[in-house]
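Coordinates in review
The lines below spell out each chain.
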Amino acid sequence: MSAFVLQIEDLDESGADWNFAIGTDLLASALEDTDLRAGTEGGRFTVHAQRSGVDVLVQGHVDSLVSTTCARCLADVSIGVDLALTALYSPEHMRPKDSDEIDVRLDEVNQDYYSGSEVVLDPMVRELLLLEAPMKPLCSESCEGIAVPEHLRPPEEVFGGSAPDARFAPLLKLKEALTKNEE
Ligand SMILES: [Zn+2]
């Protein structure tokens, strides 16, 4: 079920405001299959929407907390989401035949479609939340990763004290490419 729904009949050219609660259960289902999870609190989604001919112009703001996992130590990391959204909703019959996915960008007017008498904002909000997902979230910049107990640590000289050297990455790629060519 959609949580963020505007009724077309409530809209006019001067616009109206909505204030939606973003519940943690809603966050949980919106973030399913992603690296993000709902935090302990939900958030708010405030919206100003107005009609412009057959289109509906939506300006929204998402203010929420989500959780993810530190890329180094696997601890929970809470991320504050504070994002603005501008979107233009056109009637469904105006949708180009080859586009059924929305592609949300920050700082741009995003395009989506509505059908019937309702504008459903949920997919846009979800995309917006995903934009916030950092590639490598860290609990803190200085996170040192999972602490290995002293007696389990290999002597420094065995592995040169670190994981695979990033400088070898191009070589590994080259090797991969060569192996592929042989097939
Ligand atoms: Zn960490």
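Procedures and definitions
Residues numbered from 1 in each chain as written. Predicted model: local features only at pLDDT ≥ 70, side-chain atom pairs only at ≥ 80, totals over all residues. Heavy atoms only, no water. Helix = DSSP H or I, 4+ residues; strand = E, 2+ residues; numbered from the N terminus. Contact = heavy atoms within 4.5 Å. Salt bridge = Lys/Arg side-chain N within 4 Å of Asp/Glu carboxyl O. Buried < 20%, exposed > 50% of the residue type's maximum accessible area, 1.4 Å probe, protein only. Donors = N, O, S within 2.8 Å, 3.2 Å for Na, K, Ca; no water. Core = buried A, V, L, I, M, F, W, Y, C linked by side-chain atoms within 4.5 Å. Polar contact = N/O pair within 3.5 Å; in protein donor to acceptor, adjacent residues only side chain to side chain. Domains from an automatic or database assignment.

1. Section: the side chain of S67
Following the sequence through the fold, S67 ends up in strand β5 (residues 55-69). Non-local contacts of S67, meaning those with residues more than four positions away in its chain, are made with D35, L36, R37, A38, G39, V77 and S78.

2. Considering the pattern of salt bridges
Within the structure shown, the criterion is met by 3 salt bridges. Here R37 ties to D76 by a salt bridge, and the two come within 2.7 Å at their closest N and O atoms. Note that R37 is positioned in strand β3 (residues 37-38) and D76 in strand β6 (residues 76-91), a separation of 39 residues in sequence. Where E108 meets R105, a salt bridge forms, and the shortest distance between an N and an O atom there is 4.0 Å. Under the relative-accessibility criterion, E108 is labelled partly exposed at 43%. You can call R105 partly exposed: its relative accessible area is 41%.

3. Brief notes about the coordination of the zinc ion
Donor atoms from the polypeptide that coordinate the zinc ion comprise C70 (SG), C73 (SG), C139 (SG) and C143 (SG), at 2.3 Å from the metal. Each donor residue of the zinc ion belongs to the same chain, with the gaps between them written as C-x2-C-x65-C-x3-C. Taken together, the positions of C73 in the loop between β5 and β6 and C143 in the loop between α2 (122-131) and α3 (156-159) put the pair 70 residues apart, joining distant regions of the chain.

4. Digging into the nonpolar core
Counting residues in each nonpolar core, the largest one holds 32 residues, and the members touching the most others are L6, F45, V47, V56, Y89 and L121. Contributions of two or more residues to this core are made by β2 (16-22), β4 (43-52), β5, β6 and α2. With 6 residues, β6 is the largest single contributor of residues to this core. With residues up to four places along the chain from it excluded, the contact list for V47 reads L6, A16, D17, W18, F20, V58, Q59, G60 and L121.

5. Topic: the environment of T34
Tracing the sequence through the fold places T34 in the loop between α1 (24-30) and β3. By relative accessible area, which is 24% here, T34 ends up partly exposed. Taking the C-alpha atoms as reference points, T34 and P149, 115 residues apart in sequence, are found 32 Å from one another. One polar contact links the side chain of T34 to the main-chain carbonyl oxygen of L31, over a distance of 2.6 Å.

6. Structural notes on unusual backbone geometry
Here D33, not a glycine, exhibits a phi torsion of approximately 65 degrees, which is positive. Within the fold, D33 resides in the loop between α1 and β3.

7. Description of the domain arrangement of the protein
When cut into domains, the protein gives domain 1 (5-131) and domain 2 (154-182). Each of domain 1 and domain 2 has a C-alpha centre, and the two are 42 Å apart.

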